[in-house]
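Chains, contacts and geometry: an overview
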Amino acid sequence: MLIDKAHHILTLVIQKEADIPRVRTKVKLLVRAIGAPVLQVTGLAVGGSETARLILHQYGGGKVRISLFPKEEVPLECGIELLFRGNAPCLSGKFCPLDEQALLALDPFPGLMTVFDVVRIQGGIRGRRITVHCRSTRLGVAWENVYGRLSGIRRELFADTEESYMENLRAKHDEVVSLLREKTEKNRLLDQSNNELLQLSNDLEELARERTIIEMSLRIADQVRNPATVIGGMARRLLEKGGLPEREQKKINFIAAEAGKIDQIVKQFNAMAEQRRILFARENLVALLGDALQACPTLRRKNITIKLDAPSDSVEIHANRQVLKIALIHVLRYLTRLLAEGEELDIVVENSDEPLVTFSTRSEGLQYRVGPGGSDNRAAVDETYQETSLELVRQILAEHQARLAVENDGDGRTVISIRFPRVFQEHGAVSVGKIEQE
């Protein structure tokens, strides 16, 4: 006997006013057929029809999937599941909730929390479609008394009219087509992600190559400079003293010449390291941020709305443009992971004593669970992902003498701030290309 998943009973389309009482009737027939108490029959039927009314009037209609499932705890009891999905974002001309509190205040959510054990809501605000997932295990019916009668219960629900059966088939067909489209879209998004990762990998390889050259240059220069200087100096002193046989004088001249060649090689390595200093230049932080936004297709793919507040004047920082752009793209990709489709990302650039760019967002699309009393059990940010994703950003910003801060404020917003130094601290010649973290 399968007891590890919900058993689909029927799916009803919600497209017109007449579909609202049909939802109430079908839920009532189903709950009555499995032998639930009268109070449960009435409460669940009214909750189903009122949610269908919200879906029709606020979100342009949709559908409801009705299923039965076994309760996980032993002894196994039967539960009912209603899964509502809206067709469109909140309709224009209607009262559209702007946040979670306004959404939960709408009918029938206060009543649903008293009827169902669990109510999960996704979307429904800021121009996003709504999904309402309701479950109840208060039926007081043993699962074993229901499982063997599932086929008969379905026939009983379809016995009234042939229209209900056709509506259910049509809904199932639409669901299959939707799943196929979703799979195709996921494959397309996967290809885009692979291209992004390939580009990012190329950028990181270029960064690694640059660092390797610089470190090798500095190491060789440090190891060779002193011996070459000593050899060349002693050879010149011997030549200046004079009195050497011609044969020995030729040899010492040859040694001095070769020491000079070594000195030229050291200068070449110093020049390679000096290129690191050339790569750092005065850059406009606002323009650089704009380039990073254009180079992050994940934002466009998820239809993220960017609200950029930046001064009209140039905000100049000392930066390696290519490398810092990689860091900014990493920050954008990290924040995009927290956002659902169609949400907002606030970016503020300040030209204060220390140039500052702040990214902040409040993800309304993450699933949250509402139980009796309106408790909110939103999942916290995955700290492990945060550490691994932002580690490269921290390293790059350390080279730019900038500071990164990540925090979650009391209002449920994730805030990432990057503060750059007004004066870039250069170090001695020995430390060319090495930038210490403040």
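The structure displayed is predicted, hence computed values, not measured ones. (Residues numbered from 1 in each chain as written. Predicted model: local features only at pLDDT ≥ 70, side-chain atom pairs only at ≥ 80, totals over all residues. Heavy atoms only, no water.)

**Structural notes on the overall build of the protein**
Summing up its helical and strand segments, the protein has 12 helices and 13 strands in all. A burial count over the protein gives 41% of its 438 residues as buried. Contacts spanning at least 24 positions in sequence make up 74% of the contacts within the protein whose residues lie at least 6 apart. Surface accessibility of the protein: about 23,600 Å² in total, with carbon and sulfur atoms responsible for 52%. (Helix = DSSP H or I, 4+ residues; strand = E, 2+ residues; numbered from the N terminus. Buried < 20%, exposed > 50% of the residue type's maximum accessible area, 1.4 Å probe, protein only. Contact = heavy atoms within 4.5 Å. Areas by Shrake-Rupley, 256 points an atom, 1.4 Å probe, with all protein chains shown as cover.)

**Describing the pairing of strand β5 (residues 130-136)**
For β5, the buried fraction is high: 5 of the 7 residues fall into the buried class. Bridging between strand β4 (residues 118-123) and β5 involves 6 bridges; their strand directions are antiparallel. For G123, the partnering residue across the bridge sits in β5 and is I130. (Pairing = 2+ DSSP bridges.)

**Here we look at the packing of aromatic side chains**
One pass over the structure, following the stated rule, counts 1 aromatic pair. Consider the rings of W143 and Y147, whose centres lie 5.9 Å apart with planes at 50°: the pair is tilted. Take W143: its relative accessible area is 0%, and that puts it in the buried class. Look at Y147 and you get partly exposed, because its relative accessible area is 26%. Between the NZ or CZ atom of R135 and the centre of the ring of F69, over which it lies, the distance is 3.8 Å. (Phe/Tyr/Trp six-rings, centres within 6.5 Å; stacked < 30°, edge-to-face > 60°. Lys NZ or Arg CZ within 6 Å of the ring centre and 35° of its normal.)

**Observations regarding the nonpolar core**
Formed by 49 residues in total, the largest nonpolar core has its most connected members in I66, L68, I80, L82, F109 and L139. When residues of this core are assigned to their parent elements, the largest contribution, 8 residues, is made by helix α2 (residues 38-59). The residues contacting L82, other than those within four sequence positions of it, are V27, G48, V64, R65, I66, F116, V132, H133 and C134. Core analysis: the next-biggest nonpolar cluster, separate from the first, contains 38 residues, L328, I329, L335 and I347 among them. (Core = buried A, V, L, I, M, F, W, Y, C linked by side-chain atoms within 4.5 Å.)

**Quick word on the pattern of salt bridges**
Counting across every chain of the model gives 12 salt bridges. In this structure, D19 engages K16 in a salt bridge whose closest nitrogen and oxygen atoms are separated by 3.5 Å. Of the charged contacts in the structure, one is a salt bridge between D117 and R138, with a shortest N-O distance of 2.5 Å. Separated by 21 residues along the polypeptide, D117 in the loop between α4 (109-115) and β4 and R138 in the loop between β5 and α5 (144-147) bring together distant segments of the chain. Classification of D117 by relative accessible area gives partly exposed; the value is 22%. (Salt bridge = Lys/Arg side-chain N within 4 Å of Asp/Glu carboxyl O.)

**Thoughts on the packing of helix α1 (residues 19-33) against helix α6 (residues 150-158)**
Close contact between α1 and α6 brings their axes to 10 Å; oriented N to C, the two are set at 145°. For the pair α1 and α6, the sense of crossing is right-handed. Residue-level inspection shows K26, L29, L30 and A33 of α1 in contact with α6, the latter providing I153, E156 and L157. Residue classes in the contact of α1 with α6 are distributed as 5 nonpolar, no polar and 2 charged. (Axes fitted to C-alpha atoms, helices over the stretch in contact; angles between N-to-C directions. Left-handed = near helix turned anticlockwise from the far one by under 90°. Nonpolar A, V, L, I, M, F, W, Y, C, P; charged D, E, K, R; others polar.)

**Comments concerning the confidence of the model for the protein**
Overall, the prediction assigns the protein a mean pLDDT of 78, with 77% of residues at 70 or greater. In the model of the protein, strand β11 (residues 368-370) stands out as the element of lowest mean pLDDT, 35, in contrast to strand β3 (residues 78-86), which has the highest, 94. Across residues 364-385, where pLDDT falls below 50, the model places 49 contacts with residues more than four positions away in sequence or in other chains. Here residues 427-438 is a poorly scored stretch, pLDDT under 50, and it has 21 contacts once near neighbours within four places are set aside; other chains count. (pLDDT = per-residue confidence, 0-100.)

**Structural notes on unusual backbone geometry**
Cis geometry is adopted by the peptide bond preceding P108, which originates at D107 and carries an omega value of 10°. Within the secondary structure, P108 sits in the loop between α3 (100-105) and α4. Of note, Q401 is a non-glycine position whose phi angle comes to about 55°, a positive value. Inspection of the secondary structure puts Q401 in the loop between α12 (383-399) and β12 (403-408).

**Re the environment of R333**
Relative to the helices and strands, R333 resides in helix α11 (residues 321-338). Considered as a pair, R333 and P297 are 36 residues apart in the sequence and their alpha carbons are 9.2 Å apart.

**Digging into the sheet that holds β12**
Ordered in space as β7-β9-β10-β13-β12, the 5 strands form an open sheet in which the pairing is mixed. Each of the sheet's edge strands pairs with one partner strand only, and the pair in question is β7 (305-309) and β12. Strand-to-strand twist of the sheet, defined as the mean angle between neighbouring strand axes without regard to direction, takes the value 15°. Across the sheet, helix α9 (residues 285-294) is in contact with β7, β9 (344-350) and β10 (356-361); its angle to β9 comes to roughly 160°. Set on the sheet, α11 makes contact with β9, β10 and β13 (414-419); between it and β13 the angle comes to about 170°.

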